[in-house]
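If you want the building blocks of each chain, they are given just below.
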Amino acid sequence: MRLEPADPARPTTRSVFLLAFAGLLLIQSAWMLALPMFRGPDEIDHLLRSSNVALGHWQPAARDPDQDQRYVIADGTLARAAEPTCELLHEDFDTTVCRPRRSLPDGTVEILSQAARYNAAYYLIAGLPMRVENSEAGAWAVRALGALLSTLLMAWAWSLVVSRQATAWPSLAMMIATPPAVFFATTVAAPNGIGYAAGILLWAGLLTAARHRSSSSAPIAGAVGACTLILTHPTGIVWVGASVLTVLVLSGWNGLKHLLTQRPRTWLGSTAAVAIAMTCALAWNYAFQPNAFTPAAVADAPLVAETKAIPMIAHVVLWVCQTVGVMPNRFGLLWLVIYPLWLAPLAFVLLRAGRAATGRERAAGSVALAIAVLVPAVATVTTYETLGVSWQGRYELPLLVGIVMLAGAVLDRGAVVRRSLKVPLVVLLAGTQFMCALCLGLREARGPFDDGRPWALVLGVAAPALMGAGYLLLARASRVRSVQSE
């Protein structure tokens, strides 16, 4: 990819960051209004783990090796607040998992959490509110802090990409690369959302460095994204490796050498930070094996048999839908019209970029796509007998967002985006995003998880207003000011 000269008339990095931060935060706020507490995927488990770490217990509760290791010491107030929702979620299975195994004299309890052995890094930061308040209010604070951290990472990515764009294609690609699944995840008290945001920042740093080799902030941004992704999810190492490999194919050996000679100290420090994070993550995974299951853990997992009964082609279709948005659980398909509405702009950008791409760019995109197909296939084959089909399409969003962002970078070399195309695309994306939140909110309002909030006001007024204002700010951030217009 050729080096683009800086355009002094483009929006400043700071203005793009502030506009993107405000816009993303408004969209997240609309999503948070649509989802009652404890209803995110495995949100109860992650909140119990947050309480566990806030109490100073970095490791799971001590148990014999042959026993189920998925138990944590958590605050009893939080466990009791989550119990009604947990029992509704498990009413067709085993509701005993929702109740403490034992209560301790200091008010804490020993209770099951699927996140008991997960890396403590995310919970140490996002769980800070639990040090002050362990009730449902504390859970809301964990949600808010996680959303804020995710927004900071995504706004940083926007400032890197959009402030250097020559056309509006990269900003449109950024909008497409943040589907409802990403926004939904960033507003749930769980590490997945911040991992997706970190993936976006990682790709922004890598692609910016490849295009603008003198950038001092791109290597740092890429390193922050990589370290965050590695430390927040066991698959983070895989996605970071895949992203780096893709950009290596994109840049070529000569491009890589030229890139590293521009700011060698910055690249050395960034690489060292990622290596340290990777070492820590590997050490944690080796010591605690967060994805390993004992026979006792698998015995009470009825979804294993259910997933095996579903044809594999149906799982593949579900994986595609999960990259757009399936919520609040892995089988919670939204209104079916939503998926083609989001996938159509995605296909349009990818196909257009495919025609405009160079051979090296096509090779890089093909590498990323091949890895995106290979990883779930290998993961499913190797764990099928024990876990059934446990893979979910949303797991590979940190890689898939990069393919879309790469397409935006390819198209940035060509003609400007006509207003007659840009405006309908932004409106379509904003409308589809709102439809997802509306579908989710209506289900929650009509179901057993209704928490009594004024749903008509929330879904009819507040959510569309926040969503619309958010996309307006993103569109404003993406405006390219030419020298002639100045």
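You'll find the structure just up there.
For clarity, every value in this text was computed on a predicted model and none was experimentally measured.

Undergrad: Which parts of the structure should I look at to understand the overall build of the protein?
TA: The helix and strand inventory of the protein stands at 19 helices and three strands. The C-alpha radius of gyration of the protein comes to 22 Å, within 12% of the 23 Å expected for a compact globule of 486 residues. For the protein, the proportion of its 486 residues judged to be buried stands at 54%. Here the analysis covers contacts within the protein between residues at least 6 apart in sequence; of these, 83% occur between residues at least 24 apart.

Undergrad: Quick question: what am I supposed to make of empty space enclosed by the protein here?
TA: The rolling of a water-molecule-sized probe over the atoms marks out the regions of remaining empty space. Taken as a whole and judged by the stated rule, the model has three cavities of 30 Å³ or more. The volume enclosed by the largest cavity comes to roughly 130 Å³. Along the walls of the largest cavity sit 13 residues, with Val-161, Pro-170, Leu-207, Arg-211 and Ala-409 positioned nearest its centre. Only helix 5 (136-162), helix 6 (169-176), helix 8 (191-211) and helix 17 (397-411) provide two or more residues apiece to the lining of the largest cavity. It is helix 8 that provides the largest number of residues to the lining of the largest cavity, a total of four residues.

Undergrad: I would appreciate a short explanation of the state of the cysteines in the present structure.
TA: With the rule as written, the count across this model stands at one disulfide. Linked covalently through their sulfurs, Cys-86 and Cys-98 form a disulfide whose S-S length is 2.1 Å. Taking the torsion about the S-S bond as the criterion, the Cys-86 to Cys-98 disulfide, at about -75°, is left-handed. Of the two residues, Cys-86 is situated in helix 3 (residues 76-89) and Cys-98 in the loop between helix 3 and strand 2 (102-103); the sequence distance between them amounts to 12 residues. For the pair Cys-86 and Cys-98, one class covers both residues: buried. The thiol sulfur of Cys-321 is not disulfide-bonded, and the nearest other cysteine sulfur, from Cys-436, lies at 11 Å. You can see Cys-436 has no disulfide; the closest cysteine sulfur is in Cys-439, sitting 7.5 Å from it.

Undergrad: I tried to follow the nonpolar core on my own but got confused; where do I start?
TA: Buried together is how nonpolar side chains tend to be arranged in soluble globular proteins. Judged by nonpolar contacts, the single largest core of 119 residues is most densely connected at Trp-31, Trp-158, Met-405 and Tyr-471. By residue number, the principal contributor to this core is helix 8, which donates 12 residues. Leave out the neighbours within four places in its chain, and Trp-31 touches Pro-180, Phe-183, Phe-184, Thr-187, Met-327, Gln-433, Cys-436, Ala-437, Leu-440 and Met-467. Ile-44, Ala-74, Ile-111 and Ala-139 belong to the second-largest nonpolar core, a separate cluster that totals 21 residues.

Undergrad: What is the right way to read unusual backbone geometry from this model?
TA: Outside of glycine, negative phi angles account for most residues, and trans bonds account for most peptide bonds. Met-327 connects to Pro-328 through a cis peptide bond whose omega is 0°. Structurally, the position occupied by Pro-328 is in the loop between helix 14 (312-324) and helix 15 (338-356). With a phi close to 70°, Phe-38 is a non-glycine residue in the positive phi region. Its location among the elements puts Phe-38 in the loop between helix 1 (13-34) and helix 2 (43-54).

Undergrad: Explain the layout of surface pockets here, please?
TA: For the second largest pocket, the calculated volume is near 780 Å³. For the second largest pocket, the lining is made up of 33 residues, of which Leu-346, Leu-350, Leu-369, Leu-400 and Ile-403 are closest to its centre. Elements that contribute at least two residues to the lining of the second largest pocket include exactly helix 14, helix 15, helix 16 (359-387) and helix 17. It is helix 16 that contributes the most residues to the lining of the second largest pocket, nine residues altogether. When grouped by side-chain class, the residues that make up the lining of the second largest pocket number 26 nonpolar, four polar and three charged.

Undergrad: What am I meant to see in the packing of aromatic side chains here?
TA: The geometry of an aromatic ring pair comes down to the distance between the two centres and the angle between the two planes. Taken as a whole, this structure holds seven aromatic pairs when the rule is applied. Ring plane angle 80° and centroid distance 5.0 Å describe the contact between Tyr-122 and Tyr-123, whose orientation is recorded as edge-to-face. Of the two residues examined, Tyr-122 and Tyr-123, each falls in the buried class. On the basis of an interplanar angle of 40° and a centroid distance of 4.3 Å, the ring pair of Trp-284 and Phe-288 is categorised as tilted. Of this pair, Trp-284 and Phe-288 both sit in helix 11 (residues 264-288), four residues apart, which is roughly one turn of the helix. As far as the burial class goes, Trp-284 and Phe-288 line up, both buried.

The rules behind these values
Residues numbered from 1 in each chain as written. Predicted model: local features only at pLDDT ≥ 70, side-chain atom pairs only at ≥ 80, totals over all residues. Heavy atoms only, no water. Helix = DSSP H or I, 4+ residues; strand = E, 2+ residues; numbered from the N terminus. Rg over C-alpha atoms; globule rule 2.2 N^0.38 Å. Buried < 20%, exposed > 50% of the residue type's maximum accessible area, 1.4 Å probe, protein only. Contact = heavy atoms within 4.5 Å. 1 Å grid on protein atoms, 1.4 Å probe; cavity = no way out; pocket = protein on both sides within 12 Å on 5 of 7 lines; lining within 4 Å. Points joined across faces, edges and corners; volume = space filled by probe spheres on them. Disulfide = S-S within 2.5 Å. Core = buried A, V, L, I, M, F, W, Y, C linked by side-chain atoms within 4.5 Å. Nonpolar A, V, L, I, M, F, W, Y, C, P; charged D, E, K, R; others polar. Phe/Tyr/Trp six-rings, centres within 6.5 Å; stacked < 30°, edge-to-face > 60°.

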